[in-house]
Amino acid sequence: TKYVYFFGEGQVEGAGDMKNLLGGKGANLAEMLSIGLPVPAGFTLTTEVCTAFYDNNRHYPEELSGQVKEALGKVEAQMGKKFGDPKNPLLVSVRSGARASMPGMMDTVLNLGLNDETVQGIIDQSGDPRFAYDSYRRFIQMYSNVVLEMDGDVLEHILEKKKEEKGVELDTELNAADLKMLVEQFKKKVQEVVGQAFPEDPEEQLWGAIGAVFGSWMNPRAITYRKLNDIPAEWGTAVNVQSMVYGNMGDDCATGVAFTRDPSTGENYFYGEYLVNAQGEDVVAGIRTPQPINKAKYKEGDLPAMEDVLPECYQQLLEVRSILEKHYRDMQDIEFTIEKGKLYMLQTRNGKRTAKAATHIAAEMVKEGLISKKEAVLRIEPEQLDQLLHPSLDPAADKDVIAKGLPASPGAASGMVVFNADEAEEQARLKKRVILVRVETSPEDIHGMHAAQGILTARGGMTSHAAVVARGMGKCCVAGCGDVKIDYEKQQFTTKGGVVVKRGDMITLDGSAGEVIYGDVPKVQPELSGDFAEVMTWADEFRRLKVRTNADTPHDSKVAREFGAEGIGLCRTEHMFFEGDRIQAVREMILAEDLTGREKALAKILPMQKSDFLGIFREMKGLPVTIRLLDPPLHEFLPQTDDDVAELASACGVKFSDVKAHVEHLHEFNPMLGHRGCRLAISYPEVYDMQVRAIMEAACELVKNEGFDIVPEIMIPLVAHVNELKILRENAVAVAEEVIKEFGVEVEYLIGTMIELPRAALMADKVAEQADFFSFGTNDLTQTTYGLSRDDSGHFLPDYVERGVFRRDPFVYLDRAGVGQLVKMGKEKGRATRPDLKVGICGEHGGEPSSVIFCHEIGLDYVSCSPYRVPIARLAAAHAAL
Ligand code: PEP
Ligand code: MG
C-alpha cells in the first residue's frame, strides 16, 4: 500500500480530489503545486495510516518507515538540504490534516529537526544567531506542549520571567544570547517535568510529532468536536510534513492569513491580516496585533497595510488570490509566508463563512459566471440559514454601549455573563441564556461556545479561534475587545470607561457592529430579501418535497408564509386554549358534570376557535391548512394551585372541594399514554364535534362571503386502531355536512390522521381505509417507538450520546433505522390502500436537514416545521433533490 505522497515543484503525487486519503490540507497543497503556485516541498502520510494505526493496537504499517524515508529524501533533494545535517540542516513542520478542518486536534509543530548541532547550521545558513535560537526555543515550546503534552504555561512563564529580567516587553527584544540561554532553561525544565531529556535526534523528533498527530485524533476535544459536527471517527487524519520557510528572518519576511472574500459579509475584496517578521501561529495567537493586507476597508488608526509595506509581495499575493478563486471557484481561506521577499503558500481551503457571506458569495459567483445555480444552492448549508433568520438589534432601541471590539460574527444576542465554558454549559442546561466572556478561546472552550448565545473575547483578531469558530457555529461574537479587562478571579470585567460587569449580569452583543452593550436590548427580525431571497428561489426550482409549517395562530401563519411555507401541516388547536381568558371556558368544559354542562362550555369556546380559524385561513390565502383536533391529556388545562382551584370554583359556582376532587380524579400516572388524542373524543365526541364545526363554519363563511378557495384538512391525532378513526370520521363527516348545508355552499374537506403510534404504522393499510391523508407525528412516534419519554429524556439522553449508545438525539435527528423504518412502511402500506394518499411529517424533525433529506428519499409529499425553520427545510429539500 502507498502510505506516503510526496509533493514538490514539478513532482506531485497527490491531487485536490484525494481529500479522503490525504486530508483537506494535503490534497490542497498538492493541488496548489499542480496549478503552479509556490508551495514548499513535503509529503503527506495518508488517513489510511491513521486507520491502520488504530486498527492495529497503535502500531504503524510496516512499510511506513521506508516510505517516509524515501519521501524525506526527495524533499532533501529538492531543498538542497539534509534532515539532521549539522552543516546544512533541513527543518520541517508537522501538521495534522483531516478531511474536514478539525480544531481540537494537534495542530502544528514548527522548526522540527533542530538540536544543539543543527542550530549551528541554521546560524551559518542565515547568518543570524538570534533567528536560529528564536526558532529553536519556539520548537522546544511547541514540541513539549503538543508532543510531550506539557502544560504550555510552564515554558511561557520562563519566557515571561526572562523578559522581565531584561526589562523588555516583546519577544523580539530578546537577543541571541538571551534566547540561547532560554533554550537551555527550557530543556532543563522539560527534563524536570516530563522526566526525560528533550529528544535531540531529529528522527525521533519526527516520529514523535507524527505519533502526536495520530494520537490527537482520539483526544477528548477532537472526539467532542467530531460529535458536534457529525464527523465519523473512521475518517482518520492525515499528517503533513513540509520543509520550513521563514516569515521571521527579518523585515522582508512576513506571515499571514487571508480570505479571498470577506468571510463575514461576503463582499468581494481581499480580506486578511499579516505580521512582519513573525512565524505562523503569531497571527492567530493574538499576541501581536495583526496588520491589514490591503486598504479596501482602511480606517483611521489602522496599522500599515501590506499593500504599502511590502508592495511586491502584495502583488504576488493578489495574483495567487485570483488563480485560486478561478481554480477552486469558491472563496478560499489561505495561509502564507513571505521569506526574504518571496511568497510561499502553506494552505488553502474553502473558507468558513457566515450565512450572510455564504448567500452573498453564492449569488455573486453565479453572476460572475463562476458557478451554476445548482452549485450555488449546494454551497449553502441549510442549518447555517438559521443565522440569517435570527434577530438583530432593534435600531430604534436605546443602547448603552460599554465597549467596542471586532465584529467577528454577526447577529445579536443577550445573556448573562459567564467566564468559563463549563459554566456556560451548565447554565444553558438550566435554560439560561449566557454570553461566554474569555480573554481568548481555545479548542477547550468549544462546548461552552456551543452552549452560549454569544461570545466575547478580549484578545485576538478576526481570524482568532473565537472568531472562526463562532462564525462556523453561527453564533454572534465580538472578538479582540481590548476595551475590557477580564478578571477571572473576581469573575468580572471592567470596561475602559470603568463599568464593572459581574458574572450573572445581563449584556447584549452586536456581532455585526462589534459592540458590547449593557442590559438586554430588544431585537428585530431580519430582512429576507436580496441574496437570500434569490438563492431560495433557485432552491425552490430544484426541490420536489413541499414545505409546510406548524403554526397555531394567524401571526405564526403570516411569518411562515413570508418564509415561504406552502401551507400549514399542523395547527395544534389546543395551543389557542391558553390565549387570554379562554382557559376559563376550557376548564368549565372539562369539569362539567354531564353532557349538558359540557355543551354549555363548548358553546363558549366555539366562536373563539372559529375566529382563530378565520384568521389562519385568511393569512394562508387558500394554501392547504391541516388542523389537528384536541390532543393533550385534559389535566394539562386544569388549575395547578389551590388558588387557581378556588378561583375556578367561584367562577363556576361550585364548591372548592368538588373542583379539587375532580382535578384529582383526572390525575393520570402516565398521561402521555393516557386519556389523550382521539381517545378523548371516543369518550366525549362533543369536543371534536365543536372543533369540526368551528373549522367548517370558518371555511364556509370565507368561501361564501370572501370568495376564498379552501379545502380544510381535519386531522385526528393518536390513532392506534382503524376503528377509532372510523367512528370519529363518521362524526366529523356528519358535522361537516350539516355546516355545509347550513351555509348552502360547496366546500370540500379532507379527514386524515396522524401516525404517531407504532401500531398505526404497522396497520397503516387498514388505517388508510378511513384516511384521506397521513401526517407522521414523529415526536410521539419516536417517543413510543423507543419507549422513551420526550419530556423526561433530556436528563439522561446526553449520557447516551456521550457514551456513544446513541449517535445523536433521536428527538432531533430522525432515527432512520428504527423510527424511519416505521415511517417508510407506514407510507408504503397507506399508499397500497390509497394510491392518492397525501403523506407528510409534522414532528420537529420536519425542520432538521438530515431528516428532511430522509423524507425526500422515502417519497413523502411534504414536511412541516416551525416557521423559522421553513427556509432551512426548503434548502435541505433542494439539496436532497440535487
Ligand atoms: C408529534 O407527535 O410529532 C406531533 C407533531 O404532535 P405533538 O408534538 O403535538 O405531540
Ligand atoms: Mg403528537
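Once a new chain begins, its residue numbering starts again from 1 and follows that chain's sequence as written. Labels follow written order: the first chain is A, the first ligand is 1, and so on. Two thresholds apply to this predicted model, a pLDDT of at least 70 for residue-level local features and 80 or more for giving and counting side-chain atom pairs, whereas whole-chain, interface and lining totals are computed over all residues.

For the protein chain, the name recorded in an unreviewed UniProt entry is Pyruvate, phosphate dikinase, with Malonomonas rubra DSM 5091 as its organism. Of the protein chain, the UniProt comment under Sequence similarities (unreviewed entry) reads exactly: "Belongs to the PEP-utilizing enzyme family." Taken directly from UniProt, the Cofactor (unreviewed entry) text for the protein chain runs: "Mg(2+)". UniProt positions are given in the numbering used here, feature names are shortened, and annotations may be inferred rather than shown by experiment.

Caption draft 1: Main features of the overall build of the protein chain. When you go through the protein chain residue by residue, the secondary structure sums to 34 helices and 34 strands. Here the protein chain has a C-alpha radius of gyration of 32 Å; the compact-globule value for 882 residues is 29 Å, and the two agree. In the protein chain, which comprises 882 residues, the share counted as buried stands at 51%. A residue pair is marked as a contact if its C-beta atoms, positioned from the backbone, fall within 7 Å. Taking the intrachain contacts of the protein chain between residues at least 6 apart in sequence as the baseline, contacts between residues at least 24 apart amount to 67%. Comment: elements are numbered from the N terminus, with helices defined as DSSP H or I runs of at least four residues and strands as E runs of at least two. Note that the radius of gyration is over C-alpha atoms, with the globule rule given as 2.2 Å times the number of residues to the power 0.38. Remark: C-beta atoms are placed from the backbone, and a residue is labelled buried if 20 or more other C-beta atoms sit within 10 Å of its own, exposed if 12 or fewer do, or partly exposed between those counts.

Caption draft 2: Structural view of the sheet that holds strand β21 (residues 484–487). Spatial ordering of the open sheet is given by β21-β22-β23, a layout of three strands whose pairing is antiparallel. Each of the sheet's edge strands pairs with one partner strand only, and the pair in question is β21 and β23 (500–502). When strand polarity is set aside, the average angle formed by the axes of neighbouring strands in this sheet is 20°. Strand pairing follows a simple DSSP-based rule, namely that at least 2 bridges must link the two strands. Simply put, an axis is a line fit to the C-alpha atoms, just over the touching stretch for a helix, and the angle between two N-to-C directions goes from 0 to 180 degrees.

Caption draft 3: Fine view of the packing of helix α21 (residues 582–591) against helix α22 (residues 595–620). It is at 8 Å that the axes of α21 and α22 come closest, and there the two elements cross at 150°. The orientation of α21 with respect to α22, classified from their angle, is roughly antiparallel. The hand of the α21/α22 crossing is left-handed. Contacts from Arg582, Ala585, Val586, Glu588 and Met589 in α21 reach Arg598, Ala601, Leu602, Lys604, Ile605 and Met608 in α22. When its residues are assigned to classes, the contact of α21 with α22 shows seven nonpolar, no polar and four charged. Angle categories are assigned with fixed cut-offs, so that under 35 degrees is roughly parallel, over 145 is roughly antiparallel, 65 to 115 is roughly perpendicular, and the rest are oblique. The crossing is said to be left-handed when, going from far helix to near helix, the turn is anticlockwise and less than a right angle, and right-handed when the turn is clockwise. Put simply, Ala, Val, Leu, Ile, Met, Phe, Trp, Tyr, Cys and Pro go in the nonpolar bin, Asp, Glu, Lys and Arg in the charged bin, and everything else, Gly too, in the polar bin.

Caption draft 4: Molecular detail of the site of ligand 1. Only the C-beta atom matters for nearness: placed from the backbone, it must lie within 6 Å of the molecule or strand for the residue to count as near. In the vicinity of ligand 1, the residues found are Leu570, Arg572, Asp631, Glu756, Gly777, Thr778, Asn779, Asp780, Cys842 and Gly843. At three residues, helix α30 (residues 778–786) tops the list of elements feeding residues into the shell around ligand 1. Of the residues contributing to the shell around ligand 1, the split by class is two nonpolar, four polar and four charged.

Caption draft 5: Structural detail: α21. Residues of α21 that are buried include every one of Val586, Arg587, Glu588, Met589, Ile590 and Leu591, and no others. For α21, the elements touching its buried residues are α22, α23 (642–652) and α24 (656–665).

Caption draft 6: Highlighting the UniProt feature "active site" (unreviewed entry) in the protein chain. Cross-referencing UniProt, the feature "active site" (unreviewed entry) maps to His465 and Cys842 in the present numbering. A maximum C-alpha distance of 38.1 Å is found for the annotated residues, which run over 378 residues; spatially they are spread out rather than grouped. Mapping His465 onto the fold places it in helix α18 (residues 465–473). We classify His465 as buried; it has 22 C-beta atoms within 10 Å. Mapped onto the secondary structure, Cys842 falls in the loop between β33 (838–841) and α33 (849–857). Setting aside residues no more than four positions away along its own chain, Cys842 makes contact with Asn550, Gly569, Leu570, Ser775, Gly777 and Ser864.

Caption draft 7: Quick look at the sheet that holds strand β16 (residues 406–409). Read from one edge of the open sheet, eight strands run β15-β25-β24-β17-β18-β19-β20-β16, paired in mixed fashion. The sheet is open, and its two borders are formed by β15 (400–404) and β16, each paired with just one other strand. Between one strand and the next, the sheet's axes are offset by a mean angle of 35°, whatever the strand orientation. On top of the sheet, helix α16 (residues 421–429) reaches β17 (412–418) and β18 (434–438); it is set at about 180° to β18, its chief contact.

Caption draft 8: Seen up close, the nonpolar core. Judged by nonpolar contacts, the single largest core of 262 residues is most densely connected at Ile435, Leu436, Ala699 and Val863. No other element matches the 12 residues that helix α26 (residues 685–706) contributes to this core. For Val863, the contacting residues outside a window of four places in its chain are Leu545, Val547, Gly840, Ile841, Gly846, Val852, Cys855 and Ala873. By convention in this section, buried Ala, Val, Leu, Ile, Met, Phe, Trp, Tyr and Cys residues joined through C-beta atoms within 7 Å make up a nonpolar core.

Caption draft 9: Geometry of the environment of Asp151. Looking at the element boundaries, Asp151 is found in the loop between α5 (129–147) and α6 (152–166). Between the alpha carbons of Asp151 and Ser392 there is a distance of 40 Å; along the sequence they are 241 residues apart.

Caption draft 10: Region of interest: the UniProt feature "domain: Pyruvate phosphate dikinase AMP/ATP-binding" (unreviewed entry) in the protein chain. In this numbering, the UniProt entry assigns the feature "domain: Pyruvate phosphate dikinase AMP/ATP-binding" (unreviewed entry) to residues 20–57, 63–297 and 312–368. Counted over residues 20–57, helix gives 63% and strand 11%. Its end C-alpha atoms are 22 Å apart. Helix makes up 53% of residues 312–368 and strand makes up 30%, while its end C-alpha atoms are separated by 28 Å.

Caption draft 11: Looking closely at the pairing of strand β3 (residues 42–45). Residues of β3 alternate between two faces, with Gly42 and Thr44 on one and Phe43 and Leu45 on the opposite face, all of them buried. Of the strand pairs in this sheet, strand β1 (residues 4–8) and β3 are connected by four bridges, and their pairing is antiparallel. Its bridge partner being in β3, Phe7 is matched across the sheet by Gly42. As paired elements, β3 and strand β8 (residues 237–243) share four bridges and run antiparallel to each other. Its bridge partner lying in β8, Gly42 is registered against Gln242.

Caption draft 12: Up close: the pairing of β1. Burial of β1 is extensive: five of the five residues sit out of reach of the surface. Alternating residues of β1 divide into Val4, Phe6 and Gly8 and Tyr5 and Phe7, and every residue in both groups is buried. Where β1 folds back on strand β2 (residues 11–12), the antiparallel hairpin that results is connected by two residues, among which Gly10 adopts a positive phi of roughly 80°.

Caption draft 13: Spotlight on the environment of Glu203. Its location among the elements puts Glu203 in helix α8 (residues 202–216). Among the residues examined, Glu203 registers 15 C-beta atoms within 10 Å and is labelled partly exposed. Counting along the chain gives 91 residues from Glu203 to Leu112, while the straight-line C-alpha distance between them is 9.6 Å.

Caption draft 14: Region of interest: the packing of helix α20 (residues 554–562) against α22. One way to put it is that α20 packs onto α22 with a least axis distance of 8 Å and a crossing angle of 10°. It follows that α20 is roughly parallel to α22 by the angle criterion. As α20 runs across α22, the sense of the crossing is right-handed. The residues of α22 that touch α20, namely those facing Pro554, Ser557, Lys558 and Arg561, are Gly615, Ile616, Glu619 and Met620.

Caption draft 15: Representation of α16 in the model. All buried positions along α16 are accounted for by Ala421, Ala424, Gln427 and Ala428. Projected onto a plane normal to the axis of α16, the buried residues spread over an arc of 125° and lie on a single side. Looking at the packing, one finds that the buried side of α16 touches β17, β18 and α17 (446–451). Trailing α16 by a residue or two, Lys431 shows a phi angle of about 70°, which is positive. The directions considered for the arc run from the helix axis to the C-beta atoms.

Caption draft 16: Expanded view of unusual backbone geometry. Even without glycine at this site, Asp230 takes up a positive phi of about 60°. Within the secondary structure, Asp230 sits in the loop between α9 (220–229) and β8. One non-glycine residue, Arg329, lies in positive phi territory at about 50°. Among the structural elements, Arg329 can be located in the loop between α12 (311–328) and β12 (332–339). You can call Arg329 partly exposed: it has 17 C-beta atoms within 10 Å.

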